[in-house]
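Next come the chains, spelled out residue by residue.
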Amino acid sequence: MNFITTPDQTRLYFKDWGTGRPVILLHGWPLSADSWDDQAMAIADAGFRVISYDRRGFGRSSQPWTGHDYDTLADDLAAVIEQTGAQDAVLVGFSMGGGEVARYMSRHGGKSVSKAILVSSVVPYMLKTADNPDGTDQAVFDKMAQGMKEDRAKFFAGFFKDFFGVSLASHPVSDEVLDWACSVSMQASLKATLACAESFSSTDFRGDLPAFKVPTLIIHGTGDKTVPIDASARAAARGIAQSTLVEYDGAPHGLQASHKEQLTRDMLAFIRT
């Protein structure tokens, strides 16, 4: 197994597929790098080097007690870039991973990055405040935390239905995908699961947006109930100078599974240009 060791001695599991220009994939909460496998395989088959890794506390990575803030997570990404020797890389952040991309661009000056992609991303600010009226009420995040503390497995069973857009009228993914997502999520430490939820719900990335000095593709579903589009993708597109926003009409949050062929095509078209 491949591991990166961060400055605080956390071990991050990573996959390194294919050869060519590097594309680094950052996964969403509360999953692992495996959630990118369909896109990773297609991108590697297309002639690129694909690096994906499990965030600290998730998947096969170490489960430290600390370091779930975005400054540390951006430093983890910096360690991945440095230790894999990635240059001229495309950074791709899904959901929570979009925040790591944003904070890396500002905190590390976008070193070694030539393009960025934000998919269903939390950037720029999820929390509803007086100057962010399209955000989500704090009470929603408090209820999530309480649900995880009371019965994490039950919470995820309901959470992933919204995540993938499953309802009585719509079933864009199989029951097996829902089961898999719940299983992967239970591999994460409870500490990391709660602390990262607090980080992605409360971190304000509006000040990081000017640090995007590279072409940036933003992809988001208009039916996303997990990260509603108005406070995220549409706001990010207004704040990132070289950005292109692509909206998937009626699509949910988990686009890697619900719209995987469309997402793969759009990502590859942008990476190739």
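About the thresholds
Residues numbered from 1 in each chain as written. Predicted model: local features only at pLDDT ≥ 70, side-chain atom pairs only at ≥ 80, totals over all residues. Heavy atoms only, no water. Axes fitted to C-alpha atoms, helices over the stretch in contact; angles between N-to-C directions. Helix = DSSP H or I, 4+ residues; strand = E, 2+ residues; numbered from the N terminus. Parallel < 35°, antiparallel > 145°, perpendicular 65-115°, else oblique. Left-handed = near helix turned anticlockwise from the far one by under 90°. Contact = heavy atoms within 4.5 Å. Nonpolar A, V, L, I, M, F, W, Y, C, P; charged D, E, K, R; others polar. Core = buried A, V, L, I, M, F, W, Y, C linked by side-chain atoms within 4.5 Å. Buried < 20%, exposed > 50% of the residue type's maximum accessible area, 1.4 Å probe, protein only. Expected span 1.5 Å × (residues − 1). Arc of directions from axis to C-beta. Pairing = 2+ DSSP bridges. Right-handed = clockwise from strand over helix to strand, strands pointing away. Polar contact = N/O pair within 3.5 Å; in protein donor to acceptor, adjacent residues only side chain to side chain.

Caption draft 1: Spotlight on the packing of helix α4 (residues 138-163) against helix α5 (residues 175-185). Contact geometry for α4 and α5: axes closest at 9 Å, N-to-C directions at 135°. Relative to α5, the element α4 is oriented oblique. For the element pair α4 and α5, the recorded crossing hand is right-handed. Here α4 contributes Arg152, Phe156, Ala157, Phe160 and Lys161 to the contact with α5, which in turn contributes Leu178, Ala181, Cys182 and Ser185. Its residues placed into classes, the contact of α4 with α5 shows six nonpolar, one polar and two charged.

Caption draft 2: Inspection of the environment of Met96 at higher detail. Residue position: Met96 is located in helix α3 (residues 96-107). Remark: the alpha-carbon pair of Met96 and Ser32, spanning 64 residues in sequence, is separated by 12 Å. What Met96 contacts, discounting residues up to four positions off in sequence, is Gly28, Trp29, Arg55, Tyr70, Leu73, Val122, Cys196 and Phe200.

Caption draft 3: Here's a closer look at the nonpolar core. Core analysis: the largest hydrophobic core is formed by 89 residues, its most contacted members being Ile24, Trp29, Phe160 and Phe200. Beyond its immediate sequence surroundings of up to four residues, Phe200 is in contact with Trp29, Tyr70, Met96, Val122, Met126, Phe141 and Met144.

Caption draft 4: Spatial organisation of helix α9 (residues 260-272). With 13 residues, α9 should reach 18 Å at 1.5 Å per residue; the first-to-last C-alpha distance of 18 Å fits that figure. Listing the buried residues of α9 in full gives Leu263, Thr264, Met267, Leu268, Phe270 and Ile271. All buried residues of α9 lie within an arc of 165° about the axis, which places them on one face of the element. In this structure, α9 carries Glu261, Arg265 and Arg272 as exposed residues pointing more than 90 degrees from its buried face.

Caption draft 5: Geometry of unusual backbone geometry. The omega torsion of the bond from Trp29 to Pro30 falls at 0°, within 30 degrees of zero and hence cis. Inspection of the secondary structure assignment puts Pro30 in the loop between β3 (22-26) and α1 (37-45). Note that the residue after Val123, namely Pro124, is joined by a cis bond; omega there is 10°. Within the secondary structure, Pro124 is located in the loop between β6 (113-119) and α4. A positive phi angle, near 70°, is found at Ser112, a position not held by glycine. Of note, Ser112 is situated in the loop between α3 and β6.

Caption draft 6: Representation of the pairing of strand β4 (residues 49-53) in the model. Counting buried positions along β4 gives five out of five residues, so the element sits mostly inside the fold. Because side chains alternate across β4, one face comprises the buried residues Arg49, Ile51 and Tyr53, and the other comprises Val50 and Ser52, equally buried. Bridge count for β3 against β4 is five bridges, and the pairing is parallel. Across the sheet, Leu26 pairs through a bridge with Tyr53, a residue of β4. Read from β3 through α1 to β4, the crossover connection turns out right-handed.

Caption draft 7: Layout of the pairing of strand β8 (residues 243-248). Across six bridges, the pairing between strand β7 (residues 216-221) and β8 is parallel. Paired with Ile219 across the strands is Val246, a residue of β8. Handedness of the β-α-β unit built from β7, helix α7 (residues 233-239) and β8 comes out right-handed.

Caption draft 8: Examining α1 more closely. Where α1 is concerned, the buried positions are Gln39, Ala40, Ile43 and Ala44. Summarising the axial view, the buried residues of α1 lie within an arc of 130°, below the 170-degree limit, and thus occupy one face. Exposed residues on α1 whose side chains face more than 90 degrees from its buried face are Met41 and Asp45. On its buried face, α1 sits against β2 (11-17), β3, β4, α8 (255-258) and α9. A positive backbone phi angle near 105° is found at Gly47, which sits one or two residues after α1.

Caption draft 9: Up close: the side chain of Asn132. Summarising the element assignment, Asn132 is placed in the loop between β6 and α4. With a relative accessible area of 10%, Asn132 lands in the buried category. One polar contact links the side chain of Asn132 to the main-chain carbonyl oxygen of Tyr125, over a distance of 3.2 Å. Sequence-distant contacts of Asn132, that is, excluding residues within four places in its chain, are made with Tyr125, Met126, Leu127 and Arg206.

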